Amino acid sequence: MALINDWIYYSLAEVDSTNDAIKKYCENSGKKIVLSAQKQTAGRGRRGRNWCSLNGNLFFSMAFEYDIREAGKLSFISSLSLLQALKSLSPVADILLKWPNDVLLNQAKVSGILLEKGNGAYIIIGIGVNIARSPQLQDSVYKTVSLADAAVKSTPAEVLSLFMKHFLQNLSLLQTKGFAVLRDEWLKYAKNLGQEIIVRQNGKTEKGIFEGIDEDAALLLKTSAGQKRILAGDIFFDEIKENE
Ligand code: BTN
């Protein structure tokens, strides 16, 4: 056990999922915990998907007590913090954000963020970053990339440390200044802002113009039927192929 600022940090060799492993450290209230693992045998992704956890990549979770109604905002500041961490490693790299919380490197997915409710008032934010390798997913809805693929040299420990630095700054900004400042920062890096996107929700797709994000972190989509608030779903920038 070590400390990252005032967060208790556990670095483990192998777990099923860091989002599950961290729960046993959250039995008493009032703790702030970070847990990383070198190997993850049953990594989980959004919407019941698996997260392909290749050795050499970063897998970690944070657990802390927070108002669950603010979960959407935490997911935004997590992706923004990761973008800032990666930009500090490679200021010139093509790094963008994709709603709700993906970080894209060279237009492909380099990380995944899974936010879940823990016991009591605990919120768990689990993050995977492709550092050394990217999974070759046959029937995936997205392309994947690793830092190594993009010639960005780093290690899981370095990315975790840079992420925590930015995340703690952003969390403090959220609490003192509110979401608007962070949302504006997030939007600076949003892919296809003001342009057409395709939103898929519950198997249905809809095209529209990505107009922004509201104060509750919902995506604002201008459609022929007027502006819609999208609270959950996947977005695409090109026509979706049959197997997606
Ligand atoms: C996504 O589908 O994009 C989210 C993927 C989240 C993966 C990370 S890896 C660390 C943490 N533990 C898990 O089981 N999932 C998250």
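A. A look at the environment of Leu137. Its place among the elements puts Leu137 in the loop between strand 9 (122–129) and helix 3 (156–177). Take Leu137: its relative accessible area is 36%, and that puts it in the partly exposed class. Separated by 77 residues in the primary sequence, Leu137 and Asp214 have C-alpha atoms spaced 33 Å apart. Residues in contact with Leu137, not counting those within four places in the same chain, are Cys52, Tyr142 and Thr144.

B. Just the site of the ligand, in detail. Close contacts around the ligand come from 17 residues, with Ser17, Gln40, Arg44, Arg46 and Lys109 the closest. Here Arg44 contributes a backbone N or O atom positioned 2.7 Å from a nitrogen atom of the ligand. Within the contact set of the ligand, an oxygen atom lies 2.7 Å away from a backbone nitrogen or oxygen of Arg46. Isolated, the ligand exposes 420 Å² of accessible area, and the fraction of that covered by the protein chains is 99%. Elements with a minimum of two residues in the shell around the ligand: helix 1 (18–21), strand 8 (111–117) and strand 9. Counted by class, the shell around the ligand contains 5 nonpolar, 9 polar and 3 charged residues.

C. Broad picture of the packing of helix 3 against helix 4 (residues 179–188). The N-to-C vectors of helix 3 and helix 4 enclose an angle of 135 degrees; their axes lie 7 Å apart at closest approach. Considering the angle they form, helix 3 stands oblique to helix 4. Facing Asn170, Leu173, Leu174 and Lys177 of helix 3, the residues of helix 4 in contact are Phe179, Val181 and Leu182. Its residues assigned to classes, the contact of helix 3 with helix 4 shows 5 nonpolar, 1 polar and 1 charged.

D. Structural context of the sheet that holds strand 11 (residues 204–213). Taken together, 5 strands build an open sheet; the order of strands is 13-12-11-10-14 and the sheet is antiparallel. Edge strands, defined here as strands with exactly one partner in the open sheet, are strand 13 (226–230) and strand 14 (234–236). On average, adjacent strands in this sheet sit at an angle of 45 degrees to one another, irrespective of strand direction. Note that strand 10 (residues 196–201) and strand 11 share 6 bridges and pair antiparallel. From the neighbouring strand, Gln201 faces strand 11, where its bridge partner is Lys204.

E. The arrangement of helix 3 in detail. Here helix 3 is 22 residues long and its end C-alpha atoms lie 31 Å apart, about the 32 Å a rise of 1.5 Å per residue gives. For helix 3, every residue scored as buried is listed here: Val159, Leu160, Leu162, Phe163, Met164, His166, Phe167, Leu168, Asn170, Leu171 and Leu174. Looking one or two residues beyond helix 3, the residue adopting positive phi is Gly178, at roughly 95 degrees.

Rules used in this analysis
Residues numbered from 1 in each chain as written. Predicted model: local features only at pLDDT ≥ 70, side-chain atom pairs only at ≥ 80, totals over all residues. Heavy atoms only, no water. Helix = DSSP H or I, 4+ residues; strand = E, 2+ residues; numbered from the N terminus. Buried < 20%, exposed > 50% of the residue type's maximum accessible area, 1.4 Å probe, protein only. Contact = heavy atoms within 4.5 Å. Near = heavy atom within 4 Å. Polar contact = N/O pair within 3.5 Å; in protein donor to acceptor, adjacent residues only side chain to side chain. Areas by Shrake-Rupley, 256 points an atom, 1.4 Å probe, with all protein chains shown as cover. Nonpolar A, V, L, I, M, F, W, Y, C, P; charged D, E, K, R; others polar. Axes fitted to C-alpha atoms, helices over the stretch in contact; angles between N-to-C directions. Parallel < 35°, antiparallel > 145°, perpendicular 65-115°, else oblique. Pairing = 2+ DSSP bridges. Expected span 1.5 Å × (residues − 1).

Function cannot be inferred from these measures alone, as they are strictly geometric.
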